[in-house]
Amino acid sequence: MAQKGVQLDQETFSCSICLDLLKDPVTIPCGHNYCMNCIKSFWDEEDWKNSNSCPQCRQAFRPRPVLVKNTMLAVLVEELKKTGLEAAPADHCYAGAGDVACDVCTGRKRKALKSCLVCLISYCEKHVQLHYESPAFEKHKLIDPSKKLQENICSRHNEVMKIFCRTDQQCICYLCSMDEHKGHDTVSAAAERTEKQKELSGIRQKLQQRIQEREKGVKVLQQEMKSLSCSADKVVEDTQKMFTELIGFIEKICSDVKQQVRTQQESEVSRSKELQEKLKQQISELKKNDAELEQLSLTEDPNEFLHSYPSLAQLSESTDSYRINIRPLSCFEHVTAAVSELRDQLHNVFSENWKRISVAVRGRDVLLAPESKTRATFLQWSQEITLDPNTANTQLLLSEWNRKATVMTRPQFYYPHPDRFTECRQVLSTDCLTGRCYWEVEWSGEGVFVAVAYKNISRAGDSSTCVFGLNDKSWALYCFRKSYQFIHNKTRIPVPGPWSSRIGVCLDHRAGLLAFYSISQTMTLLHRVLTTFTRPLYAGFWLDSPADTAEFCKLR
C-alpha cells in the first residue's frame with residue numbers, strides 16, 4: 001500500500017504536457033497544474049485560436065491568465081526530488097487491454113519489453129535489466145513479449161517442454177520422454193526448430209518463386225491489356241475516320257443528286273415559261289383575228305364582204321405550227337429508282353461486311369480466354385511455308401527445298417533482285433499468309449528471330465526500317481541463350497517460359513492474333529499479340545551468327 005501511495009504522489013506532481021516532474025509549477029484558474037514553460041508554449045501555439053484553454057479540461061480563458069509560480073507545489077516537488085524518486089511513467093507505459101504485462105511489477109503493471117523462454121516470465125524495461133547485467137542470465141533466451149509462455153509448460157508435469165517428439169509431432173517435457181513418449185524419436189525443441197527452419201526456407205523459396213512467376217504473368221497480362229487497349233483505341237479511331245469519310249462521300253452524292261435534279265427542274269421550268277409566253281401571244285393574235293372574222297360575218301353588204309374576205313380568210317392559214325412536248329408528271333421517277341437501287345446495294349454490302357467485322361471483333365475473345373487448344377487443333381491450320389530466294393541476304397544459304405536458312409561466312413551467289421535484303425541476314429517466305437494458319441520453326445545457334453512482316457518492309461541498309469521487330473511493319477520473337485524477347489516497333493518485352501529449340505507460330509490475320517509457343521512434350525504459350533493487320537503477312541527469319549540455322553518444319 002505504501003508503494004501505491006508513492007506512485008500516486010508521483011503522478012500528482014507530474015506535468016501532463018511533458019510527463020515529467022513539475023518545473024516552476026503554476027496553477028491555472030481551472031485548478032490544473034503545469035510547468036510554466038510547458039503551459040506557455042502550449043498557449044503560444046494556440047494563439048491563432050485565441051482560446052488559451054486547459055490541455056486537460058479544455059476550459060478556455062480570455063484574456064490569457066497571468067502565470068504565477070505556485071511556491072507550495074514547488075517546495076513539495078523539490079522535497080520529492082530529494083527522496084530520489086522520479087516522475088511517474090506516462091499512461092502509455094502501463095499495460096492495457098491486449099498488452100503483455102510485466103509479471104514482476106506490483107500494483108499497476110507496466111508493459112512487458114521482453115519475455116524469457118527460460119524463466120517463462122515477461123519483464124518490463126526496468127525489470128529486464130538484470131537479464132542484461134547479471135552473468136547468471138547469459139544463457140536465458142529473450143524474445144518479444146508473448147502471451148503464450150504458459151503454453152511451453154507441460155500440463156501433466158508442470159515442466160518446461162524443451163523436447164520435440166517427432167513420432168507424435170508435438171512438444172513434450174523430459175518427464176514425458178520417459179513416460180508415454182518413451183522409445184519415440186525425440187530431439188531437442190531447438191534442434192527441431194533449426195531443422196524446420198531449413199525446411200521453411202525451402203518452402204519460402206518455392207513460394208517466392210511461384211510469386212515471381214505470377215508477378216511475371218501479371219506483367220504479361222498488363223502488357224496484353226495495354227496492347228489490347230491501344231489496339232482497340234486505334235481501331236475505333238481508324239473506323240470512325242473511315243465511316244466519317246464514307247458518310248461524307250454519301251452526303252456528297254446526295255448533294256450532287258439534289259443539285260442536278262434542281263438544275264434540271266429550273267431548266268424545264270424556264271423552258272415551260274418561255275413556251276407559255278409564246279402561246280399567250282399566239283392566243284392574243286388569234287383572238288384578234290377571230291374578232292375581225294366575226295366582224296366580217298356581220299357585214300350585210302355583199303360587195304364589201306366579198307372585197308374583205310380574201311385578206312381576212314388568210315388569217316386562219318398561219319404558218320406557225322402548234323406542238324408542245326408535255327413531259328409526264330413522273331419525269332424524275334427514274335432518279336428515285338436509281339437511288340433506291342443504290343441504297344439496296346449498299347445495304348447488302350454493309351450487311352455482308354458487318355458479319356465479317358463482327359467475326360473479327362469476336363475473334364479477339366479467344367485471346368483473353370484460358371489457353372485450351374491442343375497442338376492437334378493447331379495442326380489442322382498448318383501451312384507449308386517455303387523461303388523466297390529473291391529475298392535472302394547473300395550471307396544466307398537456303399536448303400534444296402527452300403525450307404532452311406543457314407548463316408555462312410562467305411557470301412552466296414544470288415541474282416540481283418529488288419526484294420533482297422542487302423545488309424540484314426534476313427529472308428521472307430514465298431507465299432503471303434492470310435486467314436488462319438500455323439507453322440513451326442526448328443532453330444539452333446546463338447540467336448534467331450522468328451518473325452512475320454509486311455511485304456513493303458524496307459530491304460536496303462541495316463537500319464531499323466529493315467530489321468524484323470524494329471519497325472511497325474514486323475513482329476518478331478527473339479530466341480537466344482535459353483531466353484526469349486518479343487520485339488515490335490523497337491519495343492522489347494522479356495518473355496518468360498520454357499526454353500525450346502522448336503517454336504510454334506499461330507496467325508489469325510482477320511482476328512488480329514499472332515501467338516508464339518514453346519514446343520516440347522507440351523505446348524506452352526509464350527506471347528500473344530493483339531493488333532490489326534492492314535496487309536498480308538510473310539513469315540521470315542533473322543539469324544545472328546555463322547552456323548545459325550532456322551527451318552520451317554514439316555507438319556504433315
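Small disclaimer: the values here were computed from a predicted structure and weren't measured.

A. Structural view of the packing of helix α6 (residues 189-297) against helix α7 (residues 302-313). For the pair α6 and α7, interaxial distance at closest approach is 10 Å and the crossing angle is 160 degrees. Classified by the angle their axes make, α6 and α7 are roughly antiparallel. Seen along the crossing, α6 lies across α7 with a hand that is left-handed. Across the interface between the two elements, Glu-292, Leu-293, Leu-296 and Ser-297 from α6 touch Phe-305, Ser-308, Tyr-309, Leu-312 and Ala-313 from α7. Across the contact of α6 with α7, the residue classes tally to 6 nonpolar, 2 polar and 1 charged.

B. How the structure looks around the nonpolar core. In terms of nonpolar packing, the biggest core is built from 39 residues, with Trp-439, Trp-475, Ile-503, Leu-514 and Phe-541 touching the most fellow members. Ignoring sequence-local partners within four residues, the contact set of Trp-439 consists of Gln-383, Ile-385, Leu-433, Val-452, Ile-503, Gly-504, Val-505, Leu-507, Ala-539, Phe-552 and Leu-555.

C. Molecular detail of the pairing of strand β10 (residues 404-407). The pairing of strand β9 (residues 396-398) with β10 spans 3 bridges and is classified as antiparallel. Its bridge partner being in β10, Leu-398 is matched across the sheet by Ala-405. Once β9 ends, the chain turns through 5 residues before running back antiparallel as β10, passing Asn-402 with a positive phi of about 55 degrees. Two elements, β10 and strand β21 (residues 549-552), share 3 bridges in a ladder whose sense is antiparallel. Bridging from a neighbouring strand, Lys-404 pairs with Glu-551 of β21.

D. Quick peek at α6. With 109 residues, α6 extends 154 Å from end C-alpha to end C-alpha; this agrees with the ideal 162 Å at 1.5 Å per step. Those residues of α6 lying buried are Glu-192, Glu-224, Ser-231, Glu-268, Gln-282, Asn-289 and Leu-296.

E. View of the packing of aromatic side chains. Applying the stated criterion across every chain, the model contains 15 aromatic pairs. Ring centres of Trp-475 and Phe-533 lie 5.2 Å apart, and the angle between their planes is 85 degrees; this geometry places the pair in the edge-to-face category. With Trp-475 in strand β14 (residues 474-480) and Phe-533 in the loop between β19 (523-530) and β20 (537-543), the pair connects residues that are 58 residues apart, well separated along the chain. By the burial criterion, Trp-475 is buried, and Phe-533 matches it. By the ring-pair criterion, three or more aromatic residues cluster together here, those being Phe-378, Trp-381, Tyr-438 and Tyr-517. The positively charged end of Arg-436 is found above the aromatic ring belonging to Trp-381, 4.6 Å away from the centroid. The lysine or arginine in question, Lys-482, covers the ring of Trp-499, its NZ or CZ lying 5.6 Å from the ring centre.

F. A look at the environment of Ser-177. Its location among the elements puts Ser-177 in helix α5 (residues 174-177). In this structure the C-alpha to C-alpha distance between Ser-177 and Phe-164, which are 13 residues apart in sequence, comes to 9.1 Å. Filtering out sequence-adjacent residues up to four positions away, Ser-177 remains in contact with Ile-163, Ile-172 and Lys-182.

G. Broad picture of the confidence of the model for the protein. Confidence in the prediction for the protein averages 84 pLDDT; 88% of positions are at 70 or higher. The low-confidence segment residues 1-8, where pLDDT is below 50, has 2 contacts with residues more than four positions distant or belonging to other chains. Confidence over residues 364-372 falls short of pLDDT 50; this stretch has 20 contacts with residues more than four positions distant or in other chains.

H. Layout of the sheet that holds β14. Taken in spatial order, the 6 strands make up an open sheet running β11-β20-β13-β14-β15-β16, and their pairing is antiparallel. The open sheet terminates on both sides in strands that have one partner only, identified here as β11 (426-428) and β16 (491-495). Neighbouring strand axes in the sheet, compared pairwise and without regard to direction, differ in orientation by 20 degrees on average. Pairing geometry for β11 and β20, over 3 bridges, is antiparallel. Looking at the pairing, Gln-426 lines up with Trp-542 of β20.

I. The arrangement of the pattern of salt bridges in detail. Counting across every chain of the model gives 18 salt bridges. Its salt-bridge partner being Glu-440, residue Arg-502 comes within 3.0 Å of it at the nearest N-O pair. Here the residue Arg-502 occupies a position in strand β17 (residues 502-508), and Glu-440 occupies one in strand β12 (residues 436-444), the gap between them amounting to 62 residues. Classification of Arg-502 as partly exposed rests on a relative accessible area of 24%. Residue Asp-472 is joined to Lys-473 by a salt bridge in which the shortest nitrogen-to-oxygen separation is 3.8 Å. Given the relative accessible area of 28%, Lys-473 is considered partly exposed. In the salt-bridge network here, residues are joined through shared partners; they are Arg-375, Glu-440, Glu-442 and Arg-502.

J. Region of interest: the environment of Leu-221. One can find Leu-221 in helix α6. Overall, Leu-221 belongs to the partly exposed group, its relative accessible area being 48%. On a C-alpha basis, the gap between Leu-221 and Arg-528 in space is 9.9 Å, while along the polypeptide they are 307 residues apart.

Cut-off values and rules
- Residues numbered from 1 in each chain as written.
- Predicted model: local features only at pLDDT ≥ 70, side-chain atom pairs only at ≥ 80, totals over all residues.
- Heavy atoms only, no water.
- Axes fitted to C-alpha atoms, helices over the stretch in contact; angles between N-to-C directions.
- Helix = DSSP H or I, 4+ residues; strand = E, 2+ residues; numbered from the N terminus.
- Parallel < 35°, antiparallel > 145°, perpendicular 65-115°, else oblique.
- Left-handed = near helix turned anticlockwise from the far one by under 90°.
- Contact = heavy atoms within 4.5 Å.
- Nonpolar A, V, L, I, M, F, W, Y, C, P; charged D, E, K, R; others polar.
- Core = buried A, V, L, I, M, F, W, Y, C linked by side-chain atoms within 4.5 Å.
- Buried < 20%, exposed > 50% of the residue type's maximum accessible area, 1.4 Å probe, protein only.
- Pairing = 2+ DSSP bridges.
- Expected span 1.5 Å × (residues − 1).
- Phe/Tyr/Trp six-rings, centres within 6.5 Å; stacked < 30°, edge-to-face > 60°.
- Lys NZ or Arg CZ within 6 Å of the ring centre and 35° of its normal.
- pLDDT = per-residue confidence, 0-100.
- Salt bridge = Lys/Arg side-chain N within 4 Å of Asp/Glu carboxyl O.

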